Amino acid sequence: MEPKPISYSQTTITELMIPSYANFGGKIHGGILLSLMDKVAYACASKHAGTYVVTVAVEHVEFLQPVEVGQLVSLLASVNYVGKSSLIVGIRVIAESIKTGVKVHTNTSYFTMVAKDEETNQPTLVPPLLLETREEARRFLEAVKRKELRKMYQNELNNAKTILEVEESLPLLANERCVFSEFER
């Protein structure tokens, strides 16, 4: 039986960046931010699915701005797409200076989560996403397009790996920053 559609699910986590999260340069470790993104993706997807979910892919992690110790980081997550057992959660990361109130967009990323049956640990059906606004429809359509492009890219990369001949491709490395050791050619 098909579950009842659920309205656009959103979750926000806010956390103060403390010195123990910083690297030697005084900036927050990317791994700390990735961990927080994974947590908000889990909370958002699990809330929609009504069950345990696992992360199966993280797409397009680009750190646009550094995050500083003392900033308040808000991670805004929304379920943008649902398949049979999968959900794509869009995450926007905002760092705010507590002193000045200035907010900076530091990252946008997409996490693919899969709902699991807690007894069998097998993928389980998730409720459809009820799209109530043009913005929600746009995000859903973008996720569909992103999935198509990712599949095309993976196929192209797999084909390139299959047909890539090292000897014939060595001239492509002429302008790259690499140096050959003594390997058999």
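Student: Which residues make up the packing of aromatic side chains, and what values go with them?
Tutor: In this structure the tally under the stated criterion is 2 aromatic pairs. Plain terms: the ring middles of Y81 and F140 are 4.9 Å apart, the flat faces sit at 40° to each other, and that makes the pair tilted. You can see Y81 sitting in strand β4 (residues 72–82) and its partner F140 sitting in helix α2 (residues 134–163), a full 59 residues away along the chain. A residue is classified by how much of its surface remains accessible, and Y81, at 11% relative accessible area, is buried. Here the guanidinium or amino end of R146 rests over the ring plane of Y110, the centre of that ring lying 3.6 Å away.

Student: Run through the nonpolar core, naming residues and quoting values.
Tutor: Residues V73, L75, L87, V89 and I91 are the most contacted members of the largest nonpolar core, which totals 33 residues. Those elements giving two or more residues to this core turn out to be α1 (30–49), β4, β5 (86–96), β6 (103–115) and α2. Looking at this core, the element that brings in the most residues is α1, giving 8 residues.

Student: Could you give me a rundown of the layout of surface pockets, with the residues and numbers involved?
Tutor: What the largest pocket holds in volume is close to 320 Å³. Along its surface, the largest pocket is lined by 17 residues, and S78, N80, G90, R92 and R139 are the ones closest to its centre. Among the secondary structure elements, those contributing two or more residues to the lining of the largest pocket are β2 (10–16), β4, β5, β6 and α2. Of the residues forming the lining of the largest pocket, the biggest block, 5 residues, is contributed by α2. Classifying every residue of the lining of the largest pocket by side-chain character gives 4 nonpolar, 7 polar and 6 charged.

Student: An account of the side chain of T11 is requested, with residue identities and associated values reported.
Tutor: Topologically, T11 is positioned in strand β2. Residues contacting T11, with those up to four places away along its chain left out, are V40, A43, C44, K47, L75, L76 and A77.

Conventions adopted
Residues numbered from 1 in each chain as written. Predicted model: local features only at pLDDT ≥ 70, side-chain atom pairs only at ≥ 80, totals over all residues. Heavy atoms only, no water. Phe/Tyr/Trp six-rings, centres within 6.5 Å; stacked < 30°, edge-to-face > 60°. Helix = DSSP H or I, 4+ residues; strand = E, 2+ residues; numbered from the N terminus. Buried < 20%, exposed > 50% of the residue type's maximum accessible area, 1.4 Å probe, protein only. Lys NZ or Arg CZ within 6 Å of the ring centre and 35° of its normal. Core = buried A, V, L, I, M, F, W, Y, C linked by side-chain atoms within 4.5 Å. 1 Å grid on protein atoms, 1.4 Å probe; cavity = no way out; pocket = protein on both sides within 12 Å on 5 of 7 lines; lining within 4 Å. Points joined across faces, edges and corners; volume = space filled by probe spheres on them. Nonpolar A, V, L, I, M, F, W, Y, C, P; charged D, E, K, R; others polar. Contact = heavy atoms within 4.5 Å.

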